[in-house]
Structure formats: C-alpha cells, structure tokens
Amino acid sequence: MDGVSAFDEPLKKLLGGATAKVMAEHLDLHTVGDLLHHYPRRYEERGRLTALADLPLDEHVTVVAQVADARILMFNNGRGKRLEVTLTDGNGRLQLVFFGHGVHKPHKELLPGRRAMFAGKVSVFNRKMQLAHPTYQLLDVESIDGAEATEAVDAFAGRLLPIYPACKQLDSWRIAKAVDTVLPSAAEAVDPLPPGLREGRGFTSLPEALLKVHRPQTKADIAQARDRLKWDEAFVLQVALARRRYADTQLPAVARRPRPGGLLDAFDAKLPFTLTEGQRKVSGEIFDDLATEHPMHRLLQGEVGSGKTMVALRAMLGVVDAGGQAAMLAPTEVLAQQHHRSITEMMGELAEGGMLGGSEQGTKVVLLTGSMGVAARRQALLDLVTGEAGIVIGTHALIEDKVQFHDLGLVVVDEQHRFGVEQRDALRSKGKQPPHLLVMTATPIPRTVAMTVFGDLETSVLDQLPAGRSPIASHVVPAKDKPHFLSRAWERVREEVESGHQAYVVCPRIGDDAEDEAAGGKGKKKVPEDDGEKRPPLAVLEIAEQLAKGPLAGLRIEVLHGRMNPDDKDEVMRRFAAGQVDVLVATTVIEVGVNVPNATAMVIMDADRFGVSQLHQLRGRVGRGSAPGLCLLVSEAHEASPARARLSAVAATLDGFELSRIDLEQRREGDVLGQAQSGVRSSLRMLTVIDDEEVIAAAREEAAAIVAADPELERLPELRIALDALLDKEREQYLDKG
C-alpha cells in the first residue's frame, strides 16, 4: 500500500521548512495528503475580471485587475513617501497603497496598462476601498514581441485560476505553487469507494478528481471533481457511523415489554388529557425498540414544551413493568429536582410504591444529586440496589462508582449536548447487560446534521406543541439607535408584573470579580465578529442593581447565576416558582428546563452575544401557561450587521427547525460538528452539511448496505484505509459527540 505512504509524506520534505511551518501553523496542513485535500475555494477565470465593486470589507481577497494610474506622493515634509495605484476592471475602481521602502519595486512594475493578480485585506480609507501593501503577481508577458504576447495572454486568459483558502502569511498563488509540487502524488491516491458503487454512480476516479479540482481545464472538470470528493467525505463518514450502529446491534440487551394491566396502563388511565398524535407515534417507535434484544439508541428531538418528558416517562414506566429500572440523567441539580417534582406529580400515588397509601402497581421514584444529605443519599442508594426504586432521577452523581442498580433497563439522558460520551458509557456499564438508551434534546437539529453528528442514533421528532401552550411574541429592541424603545421594554415588564405575572431578564455575564479574573471570563469569550465594539457584555449583578434603582424600582428583583451555591440557587428558583419574586435577573442557567408557567416576559440583554439556538431555547421559558409570552431581544448591534440579521430571524419565527437551519448557515459546519469531533471536523472540506442533504442521505443508505454485508470491510481494504485515516481509534470514540 505505498499509496498511503506518499500521502503521509511530511510537507517539509517537498516544500522546505519555512513554507511547511507556515502551512502547519496557520492552515493546519502537515502532509502531502493534507495539502491535496486543501481544495480551492473558488476559481477566477483569468479573462474575466473580478467585480471590484463587490469586494467584501475586511476579507482577504484576490483580484485580477488592470493598473489605471500610479503616482508617488510625499508627506511629512518630504520625509515619507507613498505609492498610490488605482486599479480598474471596467466597472469598479480600487486603490492600492504602498509605503516607505516598499514603494520601489511596485513603482517600477505596476505601470498603467499592466494586468496583475493582487491579494490583500480590503479596508476603507477616506470612504474609498483600498488594499494596503498587497502582494501581487504580474499576469502579462514580458520580453516577447507583440504577436507572441497576445497569443500567450490569450492562452493565459482561458485558464481557470484556483483561489485557495489562504492566510496573511501565505497567498493563494504560493499555495497553488506548493500544490503543483505535490500534485504528482495524486496519482497514488487510494480510492475508498467500492468499484461497483463508483461505476454505478458514474464517478470519476479519485486521482483524476484531485487533479481536476486543483487544475481544472473547464468548469465541467470542477463540477465532476466536486461531486466525487463530496461523495467520498459523506460516504466515509457514514460508513464510520454505520459501523457504530452495527456494533451496537451486536450488543445483547434484555427485551423490555410492558405487561398488560401494569404501571403503564394505570398511569395512562389517570392522564387528564390525551396524548398528541406525535407523542403516540414516537412512543410506538420507542416501545418497538425496547422489545428487541439489542439496546435501543434513540434520539428524541422536540421543541421546548412538546411533551418529551411525558414520552420518556411512559417509556420508563414500561421498563419498570417489565421488571427493570430506569434512570433519568439531567445536566444540572435544578433540572434533576424539577424532573423529579414533575414526574412524581404526574404519577401521583403510583410514585409511592411500598408506602402507605401508595398504589398496588406503584413504584418508588428517587432523586439522587451531589448535594443531598448523607442519610437521604444512603436511603436512595439502598432503594436502587434492592430494586425498591423503579425510577431514579439525578445528575451525573448517578454515574459514580458507589451507585449500584438492581437491574438497570433504560437510561434517559436529557439535553445531550451537555453530556459526553464517556458519561453515557459509564452509566451503560451499570446494567447487567447494556441498558436501552433514549437521548432527549430540545435543540432542534436539521435532518442533515442529525444524520452526520448523531448518525449512530435513530431519530424521533416531536413537532407539535400540546394544546394550551400560548404563542410568544418576539421583538428586537435597538437600544443604541432608539433608546426610547428600551425604556418602553421596561414599562412592558412592569405592566406584566402589575397584571400578576413574572419576568426574566437574561444577561451574558455574571459580573463578579472572580469571573473577570478568570481567563477572560465566560461572558467575554465571544464578541461577535461583526461588531467593532469592545465593551464587555452586560452583567447580571450590574443590571439587577440598575433596574432596582431605576426603571423597575419597587419590584421584587432577585439574581440567579452559575457561581451561586447550589442551595441558594434552588432557593431563588423555588421562590420565583412560588411567585415571591417579580423579576429574575439571570445568566443562561435558566436555559434548560426551568418551568414557571406564570412567567410571561423575558428581556434578553446584549442578545447579539448569544447564538440563534440559544436564544430560541431561552425564549421557550416564557408563555408556558395560559397567558401569551413576550420576548424582547435588546441589542446595540448596528442595523445592517449580521448580528442584527440573526436577531430578526429569531423574532420572525417560532419554528426551531427553521432557526437551526439559519443558525447552521451562519455558523457553517465547523462549529456545529464541534471541536471535539476532531475527526469529523477536519474531514469535511468539500461537503456542506446544509446544501448536500441528498448526498448525505444517499451515502448513508449505501454505507448501511455495505456494512450489513461486510461489517469488518474485509473485502474493501481501501475503504478501511480511508476509515483509519478519518478515525484513528480515539476519534472513533469522538464521533459519538462531544
């Protein structure tokens, strides 16, 4: 397999140390294979000039244009000089500026009429677009007579010029030269696609695709190469996921079928409402999985308030009926306590098994968290090991070594993105055989991302809201342009409180000194790229004080944030839930699962500092009762900025799936797939999870068929090599989600 070795060759050997170092440090390219998979972002046709009028500000661009004029200007009483060059493409104009000693060479070379390729960062000076000190490469031909020159220029103009993702230290055409050096190795590329599949879909070979993507002769070459390279990425990734799913089906599990006339039937009989169509359908899928002898691995997605807890509870009751135990894992203590409260309320006397007044069919529902007292904890552990407790709800305290189950049959994980794989596996190992697994998330995930990121889980979606949920009106409040809008926002909060309701005010930061001394403070982590402002994000403690003295004086205001002691947090939440607090000023600790039906208004300060999905999650905390909800997104972002566009999108729709798609389009894939899955992230170069839904779906089908026929891929050694490159062993674990 010497093809592998050519691709594994370090760049240093071929390109020299200096270039290799820049590639490694700034572009994360280390081997010949890395560079061959560093595809051009777009292609310039040399004959057709880039429209100078449409250049994006602050981006590193490459343009092809003609010099209109060039002049040297003196400044600083003749001590300094600068060269100003004006470029034109027949439509727009662009200024280039060179200073100091840097003016001599361009002054000699950039003469009016010359054509060249220029690269630099676009800025604005005196209301004109300019590139300061760009690098350039002349495109016209010297030292040959007129006729030959025209011919040479014509040949040149027809070619497609690859423009690579570049960095300040390395221009696109220097990357192109490096690619020329390693391109011969493309011939040795090991093709991961099984020959039948490649021919059946009419794909070009991998060496040819690499050649065509880097050095296309025609636009058809580019399309052909892209189709092939996209498919490879989708396919290898889906094979990895299909192998995980296959391995999971090989694990043994105890089939858990609810017995008729048991706990589940008794629970259904006392439900005061009927399940929605969606809840019935999803429950059906879950009970089918539970009846099989290999572990269920299902992802249950549903908007905040779509009734996921009800579906999960029915699954847990079914497992208890079948003689097993069920554990529900929540990301925080507040949430674990809340689940415990709402589940015992829904079950009533059925949750008091073995107690006086408890029901015949009942079971015990216990809570297990890190901050419980010793006696309560000892009793809970005892109830688990004897099997007295059929259902346990807790935080990751459930995973500790001391916790033993009598017969763990089902694990329900709430809010997957806060819960890593190691934890999932640790809990799994507590069953005599691997328990069934149901993962719940209220973050809507577009189908393509579900197929890519959660590709080892089967997916169920709850997309109708139960009857009785109220609509939420959302508005953007432009605090900078229209300060009176912000005053009106506080009046609205006051009106809600006066009519007997409560409100949340959410800030990105806590504002205590500990936070500011910490590495930049959590809130400072992300200042959106599109706002030049440098002020720190607004903080809970400061805003609470301002409101109490100013616009909300006289109301009962309390604060809640992650650095409070757990008992204090619970106490504040309890008082807020009991209606003893009018306005809760909090960080995003309230994002997950806090249920206060009487809270009808939410004001999110510096809303542009939050992601789209996070804003949607936060907003889901109001309008949970019969009164309509109101969500005000306060922002100082400038009206034309991407940050404001994000906020307007959130204000315009309550459909989480639509928003998650917008979120994905704005962040692109890298963030969505997450740093933790280094394997996936570095492998997606050509594929975009948003636009390539058909490719991903088709690759998933082919991958499933291939793995079913040959789980170890013994007949497909090339595919195995590609898989190993995508996933060294740890990465295969990572695929399971960070």
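Quick notes on the rules
Residues numbered from 1 in each chain as written. Predicted model: local features only at pLDDT ≥ 70, side-chain atom pairs only at ≥ 80, totals over all residues. Heavy atoms only, no water. Helix = DSSP H or I, 4+ residues; strand = E, 2+ residues; numbered from the N terminus. Buried < 20%, exposed > 50% of the residue type's maximum accessible area, 1.4 Å probe, protein only. Contact = heavy atoms within 4.5 Å. Areas by Shrake-Rupley, 256 points an atom, 1.4 Å probe, with all protein chains shown as cover. Pairing = 2+ DSSP bridges. Axes fitted to C-alpha atoms, helices over the stretch in contact; angles between N-to-C directions. Parallel < 35°, antiparallel > 145°, perpendicular 65-115°, else oblique. Left-handed = near helix turned anticlockwise from the far one by under 90°. Nonpolar A, V, L, I, M, F, W, Y, C, P; charged D, E, K, R; others polar.

Asks: Explanation requested: the overall build of the protein chain in the structure shown.
Replies: Along its length, the protein chain carries 28 helices and 21 strands. Burial statistics for the protein chain: of 738 residues in total, 53% are counted as buried. In the protein chain, 73% of the contacts between residues at least 6 apart in sequence involve partners at least 24 apart. Counting only carbon and sulfur atoms, one obtains 52% of the accessible surface of the protein chain, whose full area is about 32800 Å².

Asks: What is the right way to read the environment of Gly318 from this model?
Replies: Topologically, Gly318 is positioned in helix H13 (residues 308-321). In this structure Gly318 comes out as buried when scored by relative accessible area, which is 0%. Note: C-alpha distance between Gly318 and Leu264 (54 residues apart in sequence) is 5.7 Å. In contact with Gly318, not counting residues within four places along its chain, are Pro258, Leu264 and Phe287.

Asks: Would you take a moment to explain the pairing of strand E18 (residues 557-560) for this structure?
Replies: The side chains of a regular strand alternate between both faces of the sheet. As defined by bridge partners, E18 adjoins strand E19 (residues 583-586) across 4 bridges and the pair is classed as parallel. By the bridge assignment for E19, Val559 is matched with Val585.

Asks: Is there a simple way to explain the packing of helix H9 (residues 206-214) against helix H10 (residues 219-250) in this structure?
Replies: How two helices pack is summed up by the angle between their axes together with the distance between the axes. Two elements in contact, H9 and H10, have axes whose closest approach is 8 Å; the angle formed by their N-to-C orientations is 125 degrees. In terms of orientation, H9 lies oblique with respect to H10. Considering the relative orientation of H9 and H10, their crossing is left-handed. Mapping the contact onto sequence places Leu206, Ala209, Leu210, Lys212 and Val213 in H9 and Asp221, Gln224, Ala225, Arg228, Leu229 and Asp232 in H10. Across the contact of H9 with H10, the residue classes tally to 6 nonpolar, 1 polar and 4 charged.

Asks: Whenever I open this one, the sheet that holds E19 confuses me. Can you help?
Replies: Pairing between sheet strands relies on hydrogen bonds along the backbone, with the strands arranged either parallel or antiparallel. The sheet built from 6 strands is open, its strands ordered E16-E21-E20-E17-E19-E18 with parallel pairing. Every other strand in the sheet has two partners, leaving strand E16 (472-478) and E18 as the edge strands with one partner each. Each adjacent strand pair in this sheet contributes to an overall mean axis angle of 20 degrees, direction not counted. Bridge analysis of strand E17 (residues 502-506) against strand E20 (residues 599-604) gives 5 bridges, and the strand direction is parallel. By the bridge assignment for E20, Val506 is matched with Ile604. Strands in contact with helix H22 (residues 612-619) are E16, E17, E20 and strand E21 (629-635); relative to E20, the strand with the most contacts, it is inclined by about 150 degrees. Contacting E16 and E21, helix H23 (residues 642-652) crosses the sheet at an angle of about 160 degrees to E16.

Asks: Looking at this structure, I do not really get the sheet that holds strand E13 (residues 408-414). What am I missing?
Replies: Across the sheet, which stays open at both edges, the 7 strands sit in the order E11-E12-E10-E13-E14-E9-E15 with parallel pairing between neighbours. Among the strands making up the open sheet, the edge pair consists of strand E11 (364-368) and strand E15 (458-462). In this sheet, adjacent strand axes meet at a mean angle of 20 degrees when their direction is disregarded. Here 5 bridges tie E13 to strand E14 (residues 436-441), and the two strands are oriented parallel to one another. Within the sheet, the bridge partner assigned to Asp414 lies in E14 and is Met440. The strands touched by helix H12 (residues 277-290) are strand E9 (297-302), E13, E14 and E15; relative to E15, the strand with the most contacts, the crossing angle is about 155 degrees. Contacts from H13 reach E9, strand E10 (325-329), strand E12 (389-394), E13, E14 and E15, with the element oriented near 170 degrees to E13.

None of this, on its own, says anything about what the molecule does.
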